[in-house]
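What follows is the residue order along each chain.
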Amino acid sequence: MNNNISLSCPNCKQPDSVRKLNSIYEDDLTKATATIQSNDGGNSAGNKVAQPLLATSFPPPEKPVKPNNNLVYLMIITLAVGVYLVWSFLNISDDYSKVIAQVIFMPLWALFLTIVLIVAGSMQIRRKNSYHNQLERWQKGKLKWDKLYYCARCKGVFGQSENQFIPINQIDDYLYE
Ligand SMILES: [Zn+2]
């Protein structure tokens, strides 16, 4: 056991099966890693990998992945190609081709360029906003998760300062309420 012995579960009113959730989770992960390593090292003699209960059933909220910059690169490349093409159109020496290029291709190209920049730009902004919302939600959930205690007898969690007991299948609702 560890240093949380004094804390009693609000459901069974007993302290003996209570442990901080994140310390159980870390123990589970250590055990899981050790099991995997021993399986890799020795030849697989039919060792059963003990599935850690907590690490798999209610892990800490997963941090959202930051969106990549692919759309920004796309915009930069499109813009660079655009500038190069406009420059080429302006430098055509043959008068007939020059007119065709400047009257037909340049406006079309400008239109295409504008559409790409607007669409990619607004998509990038949307992705950024959605990432920030997810990050905020994650931070809130993770903060709550870190403070939870688990009662192995009642199979549920509770916060140190709250009297509310949360069965394991309702943890998500509690974390993001
Ligand atoms: Zn309990």
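Here, the structure is the one placed above.
Keep in mind that this is a model prediction, so the values were computed, not measured.

So, how was this worked out
Residues numbered from 1 in each chain as written. Predicted model: local features only at pLDDT ≥ 70, side-chain atom pairs only at ≥ 80, totals over all residues. Helix = DSSP H or I, 4+ residues; strand = E, 2+ residues; numbered from the N terminus. Buried ≥ 20, exposed ≤ 12 C-beta atoms within 10 Å, placed from the backbone. Contact = placed C-beta atoms within 7 Å. Axes fitted to C-alpha atoms, helices over the stretch in contact; angles between N-to-C directions. Parallel < 35°, antiparallel > 145°, perpendicular 65-115°, else oblique. Pairing = 2+ DSSP bridges. Expected span 1.5 Å × (residues − 1). Bend = angle between axes of the 7 residues up to and from the residue. Core = buried A, V, L, I, M, F, W, Y, C linked by C-beta atoms within 7 Å.

A. Up close: the overall build of the protein. Scanning the protein for helices and strands turns up 5 helices and 4 strands. Traced from its N-terminal end to its C-terminal end, the protein shows the element sequence β-α-α-α-α-β-β-β-α. Residue burial in the protein is summarised as follows: out of 177 residues, 9% are buried. Intrachain contacts of the protein at a sequence separation of at least 6 include 61% that bridge at least 24 residues.

B. The arrangement of the packing of helix H3 (residues 70–90) against helix H4 (residues 95–146) in detail. Here H3 crosses H4 at 170 degrees, and the two axes come no closer than 10 Å. Here H4 runs roughly antiparallel to H3, going by the angle between their axes. For the pair H3 and H4, the contacting residues are Leu71, Val72, Leu74, Met75, Thr78, Gly82, Leu85, Val86 and Phe89 in the first and Ala101, Gln102, Phe105, Met106, Trp109, Leu113, Val116, Leu117, Ala120, Gly121, Met123 and Gln124 in the second.

C. Broad picture of the sheet that holds strand E2 (residues 148–151). The 4 strands lie next to each other as E1-E2-E3-E4, forming an open sheet whose pairing is antiparallel. Looking at the sheet topology across the chains shown, the edges are occupied by strand E1 (18–20) and strand E4 (165–167). On average, each strand axis in the sheet is inclined to that of its neighbour by 35 degrees, with strand direction left out of account. Summarising the sheet, E1 and E2 pair through 3 bridges and their orientation is antiparallel. Its bridge partner being in E2, Arg19 is matched across the sheet by Tyr150.

D. Here's a closer look at H4. Compared with the 76 Å implied by 1.5 Å per residue over 52 residues, the 72 Å span of H4 between its first and last C-alpha is a close match. Within H4, the axis deviates most sharply at Phe105, by approximately 35 degrees, and proline Pro107 lies no more than four positions further along.

E. Up close: the environment of Phe89. Residue position: Phe89 is located in helix H3. Judged by the 16 C-beta atoms lying within 10 Å of it, Phe89 is partly exposed. Sequence-wise, Phe89 and Ile100 are 11 residues apart; in three dimensions their C-alpha atoms are separated by 9.3 Å. In this structure Phe89 touches Ala101, Gln102, Phe105 and Met106, once residues within four positions along its chain are discounted.

F. Quick look at the pairing of E2. Residues Leu148 and Tyr150 point to one face of E2 and Tyr149 and Cys151 to the other, with burial holding for every one of them. Inspection of the sheet shows E2 paired to strand E3 (residues 156–159) by 4 bridges, in the antiparallel sense. Looking at E3, one finds that Tyr149 is bridged to Phe158. Counting the residues between successive antiparallel strands, the hairpin from E2 to E3 contains 4 residues, one of them, Lys155, with a positive phi of roughly 55 degrees.

G. Here's a closer look at the nonpolar core. Counting 13 residues, the largest nonpolar core has Leu21, Leu148, Tyr149, Tyr150, Val157 and Phe158 as the members making the most contacts within it. Broken down by secondary-structure element, the contributors of at least two residues to this core are helix H1 (21–41), E2, E3 and helix H5 (171–176). Considering each element in turn, this core owes the most residues, 4 residues, to E2. Ignoring sequence-local partners within four residues, the contact set of Phe158 consists of Cys9, Pro10, Leu148, Tyr149, Gln164, Phe165 and Ile166.

H. Spatial organisation of the pairing of E3. For E3 and E4, the ladder comprises 3 bridges, and the chain directions are antiparallel. The partner of Gly156 across the bridge, within E4, is Pro167. Remark: 5 residues form the turn of the hairpin made by E3 and E4, two consecutive strands paired antiparallel.

I. Expanded view of the environment of Leu79. For Leu79, the position within the fold is in helix H3. Judged by the 13 C-beta atoms lying within 10 Å of it, Leu79 falls in the partly exposed class. When the C-alpha atoms of Leu79 and Leu117 are compared, they prove to be 8.2 Å apart, with 38 residues separating the residues in sequence.

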